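In case you want the letters, here they are:
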Amino acid sequence: MGEMPLIEIRHLTKIFPPAESLFGGIRRTKSTGVRAVDDVSLDIHAGETLGLVGESGSGKSTLGRLILRLIEPTSGGIQFEGQDLLAAGHSEMRRLRRDMQIIFQDPFASLDPRFRVEDIIAEPLIIHRVAEEGRPGDFYMRGRVAELLRAVGLDESILRRFPHEFSGGQRQRIGIARALALRPKFIVCDEPVSALDVSVGAQIVNLLAHLQRDFGLTYLFISHSMPVVRYLSTRIAIMHRGKIVEVGDTAQITARPSHAYTRSLLEATPELITEVGAKN
């Protein structure tokens, strides 16, 4: 932890503009925007899992997307390996995106239903010209995709199938394989198990833990579930109404929380789900 953080976030703020609504036949505009992320400063260290916990609407997913520059901040700064992400131009940001990926919450919506599995996983390789050999059907590309499928516990026999043919857990594994395709250093896991049932979600959490060791990954793991975050995370950050109210080692946050909101989350949370099992 004494080394330079992989990601440094300083005073990051995102204010969404005022929204218009139609009420009683009259169009009304809110006088102020929504401060979704409010002056957040945070470090994420190489090789760790930083769990980001908070209730729905607290700004967790917005923060994750800001780090990846999927949306632009109102103010503040983000550095990745010492490089200013907000100062990066289009071509430089394209290069940096190879090292920063995301696993989405909804495995049913995050995969293009028109694409076969091999096309979905090969798409990042083609966009970033990792394989100059050409199309997803080429021998080289298919071998890379098959390797990624095996890494997430799926068989290469599914290469020509479509997303609708799979369960939610299988679709999320395909999404994880796509996120791994470019061999990133950092992945935002945006509530990757919240749309799955408990037992399948536990399998995905265990898979993420194994992949982190195998690929040397760094995670920002976003969730509203304290038991899952407690199992997977090195450190935990608590987010409430757009602000980080507490950050600390997992043991400290779960056993000796200092903020009242953190204590309320813990009091409302059942014990760690038994399906996850003992951490290896």
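Here, every reference points to the structure presented above.
Caption draft 1: Structural context of the side chain of serine 110. By the secondary structure assignment, serine 110 is in the loop between strand S8 (100-103) and helix H3 (117-127). Using a relative accessible area of 16% as the deciding quantity, one classes serine 110 as buried. Not counting chain neighbours up to four residues away, the residues in contact with serine 110 comprise Phe104 and Arg178.

Caption draft 2: Local environment of helix H6 (residues 198-215). Its 18 residues place the ends of H6 25 Å apart at the C-alpha level, agreeing with the 26 Å of an ideal helix rising 1.5 Å per residue. Residues of H6 that are buried include every one of Gly201, Ala202, Ile204, Val205, Leu207, Leu208, Ala209, Leu211 and Gln212, and no others. Once H6 finishes, glycine 216 follows within two positions and takes phi at roughly 65 degrees, a positive value.

Caption draft 3: A look at the sheet that holds strand S9 (residues 186-190). Strands sit in the order S8-S9-S10-S5-S11-S12 across an open sheet of six strands; the sheet is mixed. Across the chains shown, the open sheet's two edge strands, defined by having one partner strand only, are S8 and strand S12 (243-249). The sheet shows a mean angle of 20 degrees between the axes of neighbouring strands, taken without regard to direction. Relative to strand S10 (residues 218-223), strand S5 (residues 49-53) runs parallel, the two being bridged by five bridges. Within the sheet, the bridge partner assigned to leucine 52 lies in S10 and is isoleucine 222.

Caption draft 4: Quick peek at the packing of H3 against helix H5 (residues 168-180). The N-to-C vectors of H3 and H5 enclose an angle of 30 degrees; their axes lie 7 Å apart at closest approach. Classified by the angle their axes make, H3 and H5 are roughly parallel. Both H3 and H5 take part in a crossing whose hand is right-handed. Residues Val117, Ile120, Ile121 and Pro124 of H3 pack against Ile174, Ala177 and Arg178 of H5. Residue composition of the contact of H3 with H5, grouped by class: six nonpolar, no polar and one charged.

Caption draft 5: The arrangement of the packing of aromatic side chains in detail. Tallying each qualifying case throughout the model produces zero aromatic pairs. Stacked on the ring of phenylalanine 16, the Lys or Arg lysine 14 has its end atom at 5.2 Å from the ring centre.

Caption draft 6: Structural detail: the pairing of strand S6 (residues 75-80). As defined by bridge partners, strand S1 (residues 7-16) adjoins S6 across five bridges and the pair is classed as antiparallel. Looking at S6, one finds that isoleucine 7 is bridged to phenylalanine 80. Pairing analysis gives two bridges linking S6 to strand S7 (residues 83-84), with the strands arranged antiparallel. From the neighbouring strand, phenylalanine 80 faces S7, where its bridge partner is glutamine 83. Linking S6 back to S7 in an antiparallel pair, the connection comprises two residues, with glutamate 81 at a positive phi of about 50 degrees.

Caption draft 7: Spatial organisation of the pattern of salt bridges. Across all of its chains, the model carries 16 salt bridges by this definition. With its nearest N and O atoms 3.6 Å apart, the salt bridge here joins aspartate 38 to arginine 35. Overall, the relative accessible area of 15% leaves aspartate 38 in the buried class. The exposure class of arginine 35 is partly exposed, given its relative accessible area of 43%. In this structure, lysine 243 engages aspartate 38 in a salt bridge whose closest nitrogen and oxygen atoms are separated by 3.2 Å. Of this pair, lysine 243 sits in strand S12 while aspartate 38 sits in strand S4 (residues 34-44), placing them 205 residues apart in sequence. Exposure remark for lysine 243: the relative accessible area of 38% places this residue in the partly exposed category. In the salt-bridge network here, residues are joined through shared partners; they are Glu8, Arg10 and Asp43.

Each value, and the rule that gives it
Residues numbered from 1 in each chain as written. Predicted model: local features only at pLDDT ≥ 70, side-chain atom pairs only at ≥ 80, totals over all residues. Heavy atoms only, no water. Helix = DSSP H or I, 4+ residues; strand = E, 2+ residues; numbered from the N terminus. Buried < 20%, exposed > 50% of the residue type's maximum accessible area, 1.4 Å probe, protein only. Contact = heavy atoms within 4.5 Å. Expected span 1.5 Å × (residues − 1). Pairing = 2+ DSSP bridges. Axes fitted to C-alpha atoms, helices over the stretch in contact; angles between N-to-C directions. Parallel < 35°, antiparallel > 145°, perpendicular 65-115°, else oblique. Left-handed = near helix turned anticlockwise from the far one by under 90°. Nonpolar A, V, L, I, M, F, W, Y, C, P; charged D, E, K, R; others polar. Phe/Tyr/Trp six-rings, centres within 6.5 Å; stacked < 30°, edge-to-face > 60°. Lys NZ or Arg CZ within 6 Å of the ring centre and 35° of its normal. Salt bridge = Lys/Arg side-chain N within 4 Å of Asp/Glu carboxyl O.

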